[in-house]
Amino acid sequence: MHKKKFPIGKIVIYALSAFFCFIFAAPLMFMISSSFKDPQTIFTHVHDWRAYFPVGEVNFDQYVGVLNRLPLFGFLFNSLLVSAVVVIGGLFVNSMAAFAIARLRFRGQNLILVFLIATLIVPFETIAMPLLVLVNSLPTITAADGSLQFTTGWLNSYLVQIAPFVASGFTIFLFVQYFKTLPKELDEAAIIDGAGYWTIYWRIIVPLAGPAFATAAILSFLSIWNAYLWPVMVVQTEALRPVQVGLDYFWGATSEEGTAWGQIMAYSTIITVPIIIVFILFQRAFVASVASSAVKG
Amino acid sequence: MKNTHKLLAVAAIGALLLSGCSATSSGPKTITMWSHAAGNDQEIATVKEAIADFNGSQTEYVVKLEEFPQESYNDSIAAAAASKSLPCLIDVDGPIMPNWAWAGYMQPITINSDLENSLIAGAKGYYGGKLYSAGAWDAALGMLARKSVLNDLGIRIPTVDSPWTKTEFDGVLKTIKASGKFDYAIDWGNGWTGEWFPYAYSPVLQSFGGDLIDRAAFDKADGVVNSAASVEFGKWFGSTFANGYANKAQTGDRTEFIGGTIALQYNGNWAVKDAYEKYGDDLAILPPVDFGNGPKIGAASWQFGVSSTCGEVAGANKFIEYILQDKYIVAFANRIGLIPATATAAEQVPNYATGGPFSVFVDFSNKFAVKRPETPAYLLISKVFEKAVADIINGKSAKTALDGAADEIDADLTANNNYK
Amino acid sequence: MKLQSLVRKNKPHGFFGSSIQSRSKRASLAFIAPAVFLIGLFLVVPVIMAFSLGFTDAKLASPKAPAFVGFDNFSKIISLGQVTVDGDPSNPDVLHDNLRELTRPSSDSQYSGMEVLTETVKADGSADIVLAGDALFWKSLGNTFYFAAAVAPFQGGLALLLALLINAPIKGRVIFRTVYFLPVVTSMVVVSILWIFMYQKDGLANILLSAVIPGWEPQAILTNPDLAMPAIIFMSAWQGVGFHMIIWLSGLQTIPGELYEAARVDGATRLQQFKHVTWPGLRTTFVFVLIIISIQAMGLFTQVNVMTKGGPLDSTRTLVFHAFNEGYEKQNVGYSSAIAVIFFIIVVLVSIIQRRLTRDKD
């Protein structure tokens, strides 16, 4: 089995890459292509190559249908706002915790890290109901009759969609992994210069941890953008609903009008393409950081 | 680092946006109403019309609508009830109402007795002898077919007074399959999930002589849902799939009847509009099959009710009376194709007026309708029956599936002290 | 477990000098407090609530206050029994009726209220039957392990293959990498909807299977009890593989080029290079990928909920789905919480076992 000088290896690699490219792209191409077709056309095309390309009778009717069926821009705004606050808040909270764990020394820090890692095993579905009861009994302040009033219950707000998801064991772990790759001499030198810990964190560690921030931002953005079960439980006003709940609007009409597959594909495209774009923008930093967080440390 | 300062600023603005603002003012009292029909333009349009008219007709109350997609509506209600944040007015699927009433989500409603009497049975929900919900329509089930196809195959077209018998229907399925012209003889609708299963298939069970629970005291499913007649239903229903008359991989789109690849479609009257547009007078709306105890169909659809925590009960009742005027009942029926809740309204809806193309559904509803058991246990019965039937379709023994269903329902009854 | 070894290595990162240490302690508290507070409030408290609910008969909606029921929920979930029941080879109903006498809730037998888990019918018509207090729990447990055991090597292996392809010196690597990663950024609900189409009788999966397997009969894959779980395994791997590919890739890029150089000088083939240089160099990454994938896999829920609802014939029902179904749909919150508690314990045990198996070689 001696290697020959023919570029067989390369040909195999290209062939395999092309094959996998097709497998990974096909369902998404199906989604985007179908978003320009009415349901009947989708079903006529489903068994051949046309399913994966916007060919045949293509138009924007499905997108118009989506706009008529639900307040698309409101949903997009809500998801963007909630995701943005969770991401930004999470970057602070989690990177600060990680800074303490990775760069400072205190009793119980190992225990805290083990504890944070243990939180990863809890699937959200199993604690959603107790969490609902909990947030409903938390205090809140509202402005009413010109004065601030203390009441209880967080339901039906942006806050309830945000607060439970800001801190994340996984994100902290990710930051810890990255921070530990930075030379500790940096901190030591700063201490000697009389810098406080906040300064070390803010002026030295944060600026050096760009890739870790990019990764944390992308991953937490994805998990909030894709949240479904929680908003169904805690958001009662259409005005506060995020994008994933919108998919339900198309099943609701099933029994009366038949499934609006074209609109489902259009809506799926609308809520997927923005994150694909975000990912493509950040992917270099993202890849660099996953690299360093997973392997070094 | 400049960037991080920008981020901080954005975060601060975000925090401001997050703090809720609620202002109470004197003037009309707000009554919030939840509807399950978000995304369903036709239905919601009528609800909105009625609300706008109601708000304009008096100055005491303002009804404010929140729309929910049907898919997750019941979850939203359960979550809101668990957190004591139900709105004043809700709508509720007829068979689920007793559970919500028992669980304390709802309170009885009071409407004008003339109106109450004029509503058809399938548009009213009683629990413990009290009216808890009232609706603008009812749905009905039937079998869709094409006259030309049945005539070609020499199949008798059944009528309300002379429906197909079980033997006759077995022959019909066989004949259709033998003709080789169709992929499958019948589309039972098994691609849909959830409440459709008990809505559509428990009437078939009842026509066989079975039922979901002992209706005398609603305290026992053993010997009822797994009675000899019920098992007979299960075996027969499963056999329609095993024999290739129906497709166990049927999708929820149900386009095959209109596409001409399936001969019969078992469906609700909401679907008949599309079929009528396609086949016109060739469309035959057939009564369900008589499996021995007469044809049966389900009754009770979405209705309006008042939550137990409602602070404006009088206003809420007033609105229910308002939206149940013939004017809106007619609008609902014209738009979503369901059976109008009053006889006077039915006469104003061309499709359902005497002699109208869909009026036969009114006959089905009057003659064959059986309500799903009016017990709080129905919520669980519905899930258990759905799973048992789905398992039977996939080849599980009817006896095992229905015995299991009986045990699970009885265990739930025991755990809840028979929902007393 | 990699995560643990990391904790051990954590120590040298502190500072020197005792006065600095006490200052460090206070600062640490300030830095860590917000995260610990939020996680404590929104994760630990609900978990504790779930634990305590597991000992009650709480319902989602009921006018009755929840009552303490001790270990009832737990004993129902884990109880098992084995029994041999007489039957008649010519009439299967006889076996069924005999068994029914034992398991009928009103019966006096110790098997009252139990469900059939497995049934082995013998020639004389009798059968050895395993009974369970909650047969669906055991089926869900089996399916969860089936999924995790299949998806971990499949997804991990596929991810490694993709990483090797990306790491090869070819043109268009960034494009390939991006395409492989796209499913990761797509919501699982959307992905599930798309794969419902791919798995239809005339969908992509059947087209490919027909091309690869001679005599493949196109069929609705998700309604076949034998194929539904493999189908979910495949689409789950498809969705998540891009993320693990990048982790492998980063592992590959930490292997010094000189090692390959040396191997080539020694005349090693590509395969030998992989075996002696690449694979040993990826050991830490391997442990990390394995643990991440299996923890995620144990929590399988969304795909099942959208695509199959646990069917057909319970072939895709998983523990989290079972807990969700009992708690939300059937509203037995107490019972559902007990399932969740057992689920937590199982995941912790699996993590500990994995750690044991991988630690000594670290």
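How each quantity is defined
- Residues numbered from 1 in each chain as written.
- Chains lettered and ligands numbered in written order.
- Predicted model: local features only at pLDDT ≥ 70, side-chain atom pairs only at ≥ 80, totals over all residues.
- Helix = DSSP H or I, 4+ residues; strand = E, 2+ residues; numbered from the N terminus.
- Rg over C-alpha atoms; globule rule 2.2 N^0.38 Å.
- Buried ≥ 20, exposed ≤ 12 C-beta atoms within 10 Å, placed from the backbone.
- Pairing = 2+ DSSP bridges.
- Axes fitted to C-alpha atoms, helices over the stretch in contact; angles between N-to-C directions.
- Contact = placed C-beta atoms within 7 Å.
- Nonpolar A, V, L, I, M, F, W, Y, C, P; charged D, E, K, R; others polar.
- Expected span 1.5 Å × (residues − 1).
- Arc of directions from axis to C-beta.
- Parallel < 35°, antiparallel > 145°, perpendicular 65-115°, else oblique.
- Left-handed = near helix turned anticlockwise from the far one by under 90°.
- Right-handed = clockwise from strand over helix to strand, strands pointing away.
- pLDDT = per-residue confidence, 0-100.
- Core = buried A, V, L, I, M, F, W, Y, C linked by C-beta atoms within 7 Å.

## Re the overall build of chain A
Tallying secondary structure elements over chain A gives 16 helices and 2 strands in all. Expected size for 297 residues packed as a compact globule is a radius of gyration near 19 Å; at 24 Å, chain A overshoots this value by more than 25%. The principal-axis extents of the C-alpha atoms in chain A amount to approximately 80 × 70 × 30 Å. Burial statistics for chain A: of 297 residues in total, 52% are counted as buried.

## Description of the overall build of chain C
Helix and strand content of chain C: 15 helices and 3 strands. Against the globule reference of 21 Å for 362 residues, chain C gives a C-alpha radius of gyration of 26 Å, more extended than a compact globule. Taking the principal axes of the C-alpha coordinates as reference, chain C spans close to 75 × 70 × 40 Å. Every one of the 362 residues in chain C was classed for burial, and the buried ones make up 45%.

## Let's talk about the sheet that holds strand S2 (residues 115–121) of chain C
Hydrogen bonding along the main chain pairs the strands of a sheet, whether they run parallel or antiparallel. All names here are of chain C. Reading across from one edge, S1-S3-S2 is the order of the 3 strands in this open sheet, with antiparallel pairing throughout. Sheet topology places strand S1 (80–85) and S2 at the edges, where each strand pairs with a single neighbour. On average, each strand axis in the sheet is inclined to that of its neighbour by 20°, with strand direction left out of account. Bridge count between S1 and strand S3 (residues 127–132): 6 bridges; the pairing is antiparallel. From the neighbouring strand, Val83 faces S3, where its bridge partner is Ile129. Relative to the sheet, helix H4 (residues 92–103) contacts S1 and S3, its axis offset from that of S1 by approximately 140°.

## Quick notes on the interface of chain B and chain C
Interface size, as often reported, equals the accessible area lost upon joining of the parts. The interface of chain B with chain C comprises 27 residues on the first partner and 22 residues on the second. If you list the elements that add at least two residues to the side of chain B that touches chain C, you get helix H3 (70–82), helix H16 (378–393) and helix H17 (398–415) of chain B. At 8 residues, H17(B) tops the list of elements feeding residues into the side of chain B that touches chain C. Split by residue class, the side of chain B that touches chain C holds 12 nonpolar, 6 polar and 9 charged.

## A short note on helix H7 (residues 166–179) of chain B
All names here are of chain B. Its 14 residues place the ends of H7 20 Å apart at the C-alpha level, agreeing with the 20 Å of an ideal helix rising 1.5 Å per residue. Those residues of H7 that fall on the buried side of the exposure criterion are Phe169, Val172, Leu173 and Ile176. Angular distribution of buried residues about the axis of H7 spans 95°; they occupy a single face of the element. Away from its buried face, by an angle of more than 90 degrees, H7 presents the exposed residues Thr167 and Ala178. Tucked into the core, H7 has its buried residues touching strand S9 (184–187), helix H9 (228–242) and strand S10 (262–268). Downstream of H7 by a residue or two, Gly180 has a phi angle that is positive, lying close to 70°.

## Here's the deal with the environment of C:Gln219
Residues and elements named next belong to chain C. Relative to the helices and strands, Gln219 is located in the loop between helix H8 (204–212) and helix H9 (228–253). The spacing of Gln219 and Ala205 is 14 residues in sequence and 9.7 Å in space, taken between C-alpha atoms. Contact partners of Gln219, with chain neighbours within four places excluded, come to Lys201, Asn206 and Asn224.

## So, the packing of H9(C) against helix H12 (residues 283–298) of chain C
Residue and element names in this part refer to chain C. Interaxial distance between H9 and H12 falls to 10 Å at its minimum, and their mutual angle equals 165°. Viewed along their axes, H9 and H12 adopt a mutual orientation that is roughly antiparallel. When the axes of H9 and H12 are compared, the crossing they make is right-handed. Contacts between H9 and H12 involve His244, Ile247, Trp248 and Gly251 from the former and Thr285, Phe288, Val289 and Ile293 from the latter.

## Re the sheet that holds S10(B)
Residues and elements named next belong to chain B. The strand order across the open sheet built from 4 strands is S9-S10-S8-S11, with neighbouring strands paired in mixed fashion. Pairing within the sheet leaves two strands with one partner each, and these edge strands are S9 and strand S11 (283–286). Across the sheet, the mean angle from the axis of one strand to that of its neighbour is 20°, orientation sign disregarded. Where strand S8 (residues 141–146) meets S11, 4 bridges bridge the pair, whose relative direction is antiparallel. Across the sheet, Leu144 pairs through a bridge with Ile285, a residue of S11.

## Points about the pairing of strand S2 (residues 61–67) of chain B
All names here are of chain B. As paired strands, strand S1 (residues 29–35) and S2 are joined by 7 bridges and run parallel to one another. Paired with Thr32 across the strands is Lys64, a residue of S2. In this fold, the crossover linking S1 to S2 by way of helix H2 (residues 41–57) has right-handed handedness.

## Considering the interface of chain C and chain A
Taken together, the contacts link 79 residues of chain C with 77 residues of chain A. Looking at which element gives the most residues to the side of chain C that touches chain A, the answer is helix H2 (residues 18–53) of chain C, with 21 residues. Class assignment for the residues of the side of chain C that touches chain A results in 55 nonpolar, 21 polar and 3 charged.

## Regarding H2(B)
Residue and element names in this part refer to chain B. Taking 1.5 Å of rise per residue, 17 residues should cover 24 Å, and H2 covers 24 Å from first to last C-alpha, within 8% of that figure. Residues of H2 that are buried include every one of Glu43, Thr46, Val47, Ala50, Ile51 and Phe54, and no others. Along the long axis of H2, the arc covered by the buried residues comes to 135°, so they all point the same way. In H2, the exposed positions that point more than 90 degrees away from the buried face belong to Ala52 and Gly56. Contacts from the buried residues of H2 go to S1, S2, helix H12 (313–323) and helix H13 (326–336).

## Overview of unusual backbone geometry
Negative phi characterises most residues that are not glycine, and trans characterises most peptide bonds. With omega at -15°, the peptide bond leading from C:Gly311 into C:Pro312 counts as cis. Looking at the secondary structure, you find C:Pro312 in the loop between helix H13 (302–307) and helix H14 (319–329). For B:Phe218, which is not a glycine, the phi torsion comes out positive at approximately 50°. With phi around 55°, B:Tyr419 is a residue other than glycine that occupies positive phi space. Looking at where B:Tyr419 falls in the secondary structure, it is placed in the segment after H17. Using a count of 21 C-beta atoms within 10 Å as the deciding quantity, one classes B:Tyr419 as buried.

## Side note on the confidence of the model for chain C
Residues and elements named next belong to chain C. Predicted confidence across chain C gives a mean pLDDT of 86, with 92% of residues reaching 70 or more. Note on residues 1–19: pLDDT is under 50 here. Beyond four places in sequence and across chains, it has 31 contacts. Two numbers describe this predicted complex: its pTM, 0.90, and its ipTM, 0.88.

## Thoughts on the nonpolar core
Grouped together as the largest cluster of nonpolar side chains are 322 residues, with contacts concentrated most on A:Ala97, B:Ile186, B:Ile409 and C:Met245. If you tally residues by element for this core, the top one is H9(C), at 16 residues. If we skip the residues at most four places from it in the chain, B:Ile186 touches B:Leu173, B:Thr240, B:Tyr245, B:Ala246, B:Ile262, B:Leu264 and B:Tyr266.

## So, the packing of helix H1 (residues 8–34) of chain A against helix H7 (residues 188–198) of chain C
At a minimum axis separation of 10 Å, H1(A) and H7(C) run at an interaxial angle of 95°. Here H1(A) lies roughly perpendicular to H7(C), going by the angle between them. Listed contacts from H7(C) to A:Pro27, A:Phe30 and A:Met31 of H1(A) are C:Leu194, C:Trp195, C:Phe197 and C:Met198. Each residue belonging to the contact of H1(A) with H7(C) can be placed in one class, and the counts come to 7 nonpolar, no polar and no charged.

## Observations concerning the environment of A:Phe30
Inspection of the secondary structure assignment puts A:Phe30 in helix H1. For A:Phe30 and A:Ala51, which are 21 residues apart along the polypeptide, the C-alpha to C-alpha distance reads 5.8 Å. Beyond its immediate sequence surroundings of up to four residues, A:Phe30 is in contact with A:Ala51, A:Tyr52, C:Leu194 and C:Phe197.

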